[in-house]
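Structural description and commentary
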Amino acid sequence: MSKLKKTRTLSNILFALRWQFRLTPGYVILRFAQSIFGNVVTLFEHTFLLAYIISCVEGGKTLIDVLYFLIPVAIAVAIKLISGPLVEAYLTPKANSKFYMDTRMTLYKKAAELEIAKYDDTAFYNDFVWAMHRAPEQIFNATNTFIQLVSMFVTALIAGTYIVATDATALIVVAGMMVSTLLLQHSITKRNMKREEELMPISRKRDYTNRVFYLANFVKDIKTGAIADKLKKDFTESSEQMERVAVRHGRMITLLAVLRDGISALAFDGAYLIYLFYQALVKGKYGLGSLLAVYNAANRLSGNIRRVIMMLPRFEEQGLYIEKLRTFLETENTMPDSGTLPVPTQGDLVIEDVTFTYPGNDKPTINGVSMHIKQGEKIALVGFNGAGKSTLIKLILRLYDPDSGTIRLGDNAIGEYPIGDYRQHFGALFQSFEIIAASIGQNLTMNDTPLDKKKADEVIKKAAFWDKLNSLPDGYDTPLTKEFDDNGVNLSGGEAQKIALARVLYADAGVIVLDEPSSALDPIAEYQLNKTVTELAEDKTVIIISHRLSTTRFVDKIYMLEDGRVIEQGNHDSLLAQDGKYAEMFRLQAEKYR
Ligand code: ADP
């Protein structure tokens, strides 16, 4: 919040306006027209109509004279009354649905295009999360604020012109009121921000307690330990603390607000009204009708100015949010995607002297690694946590580009292929695979294309999910997770993994990557899974990553990594015979599982 001032508020608000205009131009124009029309009609209705009727009575005019003015105003009021709900209740929801859909689509497209390195940039990531959650709503709000501002400005202009033509004294009162409101409102805004800043850390603590009580993964701790008592105490304390902060600032804010409104009331309903009566009754400068009109016009002018002043902080806040959205949208991928060659369906993967340092780190995570992975070969990358196994995979998948060295698939450096096509060459089963809240079939295809039943049956059998599938009455149409469907099926960790495995096989990629797929399994189950995948993959290249050496002994070749270097390579038996680090680590782990 404290950074509000530094943003390009107006430029951001105009950005929001342009955005919404592009998606729903008709709606934006209508909204402008309706808002300006409504405000101007109200001004006529409350200011000039009344004044005119009174002056008619004073001047002895006939009913016909009154109707001349009354009828058009009545028609305008009727249009205003109908157009308000029409826009609010009918057109807005209609435009909203298109607007939200198109805006989210733009955001999804951008998010999908973003390279993975961007996710490591915390500041960027925060803006990204914000944009995904709240951008549409904030664009909509900013546009609304702008429309309100413009219609208030138009009304103020008409009222101001009338005042200048009748009795410009009101402008002095309006100017005085404007200065006092600006100053007091500024203090109120500052107070509010301070209150928010003080409340933020306390409310975060309180929210944490709240989360712990409803998130399923804490339930066991809550039921078994004394943690619930501690949390409840924390919650009470934070709540009391929040109340104290709110009350302390609340008192001052109330005082300032009373002062702000009181000064305006005194100036208008007191001093100015007395002045007007003096001019009308004592000086005889104008009649009761004009008195009312000029008083109402001044009131409306000042009312609008006050509302604009009070809207300014909101305006700035919306500007800040739009700024985040623009930062997100303007972020460019730095990884070049200029390759044009078709990706071969088969080919060796050759890594030559590759070195890579994560942005912001001072030492390389991958340091001079070379490998030649032949088509169809089954290999394992092993080593302790942090050795660089996953990073090497990220380089192979071209989620990052190495600082030096080259990676080739077939005859060409991987940069020679379009990134998207190149990545399709891999089917990866990551540590953190996700089951999507959709049918089993869609969890295999991962898109809208119809399920190829024959191929699906084949991979489901291979993944050993066949019996389970047949036990479900809806088969491939069974919804997974209970997110959208009470009849949805929640799979066990092992079953979910089988679906993830079937998904990789279904994708029919040239290279299968298993990134510690079995960390949720015991070593025997992991061994079996790795072995299954290796056998299932037949002529495909398979890369397994594991820190459990016992589970990768059947592969063609094992690369042992340490500190980003390949320290030993060979098959299980030759590495044991070598009696180096691999052998030592294997014995240590075997000890544990004995
Ligand atoms: P492994 O898969 O062998 O456990 P990783 O490749 O995941 O190891 O990580 C190797 C090292 O790189 C670790 O020290 C880790 O802290 C660092 N690292 C991993 N990801 C990132 C990242 N996104 N940004 C900075 N450092 C990272």
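Cut-offs applied
- Here, residues in each chain are numbered from 1, in the same order as that chain's written sequence.
- Note on the predicted model: pLDDT of at least 70 is required for a residue's local features to be given, and 80 or more for side-chain atom pairs to be given and counted; whole-chain, interface and lining totals, by contrast, use all residues.
- The side-chain values count all of the structure's non-hydrogen atoms but skip hydrogen atoms and water molecules.
- At least two DSSP bridges between two strands are needed for those strands to be called paired.
- A run of H or I in DSSP counts as a helix once it spans at least four residues, and a run of E counts as a strand once it spans at least two, with each numbered from the N terminus.
- One confidence number per residue, pLDDT, is output by the predictor and ranges from 0 to 100.
- Two residues qualify as a contact provided that any one of their heavy atoms is within 4.5 Å of a heavy atom in the partner residue.
- Interaxial angle, 0 to 180 degrees, is taken between N-to-C directions of lines fitted to C-alpha atoms, where a helix line uses only the stretch in contact.

Re the sheet that holds strand E4 (residues 404-409)
Pairing in this open sheet of four strands is antiparallel, and the strands run E2-E1-E4-E5 from one edge to the other. Among the strands making up the open sheet, the edge pair consists of strand E2 (366-373) and strand E5 (412-413). Sheet analysis places strand E1 (residues 349-356) next to E2, joined by five bridges and oriented antiparallel. Bridging from a neighbouring strand, Phe 356 pairs with Ile 366 of E2.

Topic: the confidence of the model for the chain
Scored by pLDDT, the chain has a mean of 87; 96% of the residues are at 70 or more. Across the chain, E1 holds the top mean pLDDT of 97, while helix H6 (residues 219-224) sits lowest at 72. Overall, residues 1-5 carries pLDDT values under 50, and its contacts beyond four positions in sequence, including any with other chains, amount to ten contacts.

Quick word on the sheet that holds strand E7 (residues 511-515)
What the six strands build is an open sheet, ordered E6-E7-E8-E3-E9-E10; its pairing is mixed. The strands lining the two open edges of the sheet, one partner per strand, are strand E6 (426-429) and strand E10 (565-570). The average undirected angle you get between the axes of adjacent strands in this sheet is 20 degrees. As paired elements, strand E3 (residues 378-382) and strand E9 (residues 557-562) share four bridges and run parallel to each other. The residue bridging Ala 380 from the neighbouring strand is Ile 558, located in E9.

Things to note about the pairing of E4
Bridge analysis of E1 against E4 gives five bridges, and the strand direction is antiparallel. If you follow Val 350 over to E4, its bridge partner there is Arg 408. In this antiparallel pair of consecutive strands, E4 and E5, the connection spans two residues, and Gly 410 shows a positive phi of 65 degrees.

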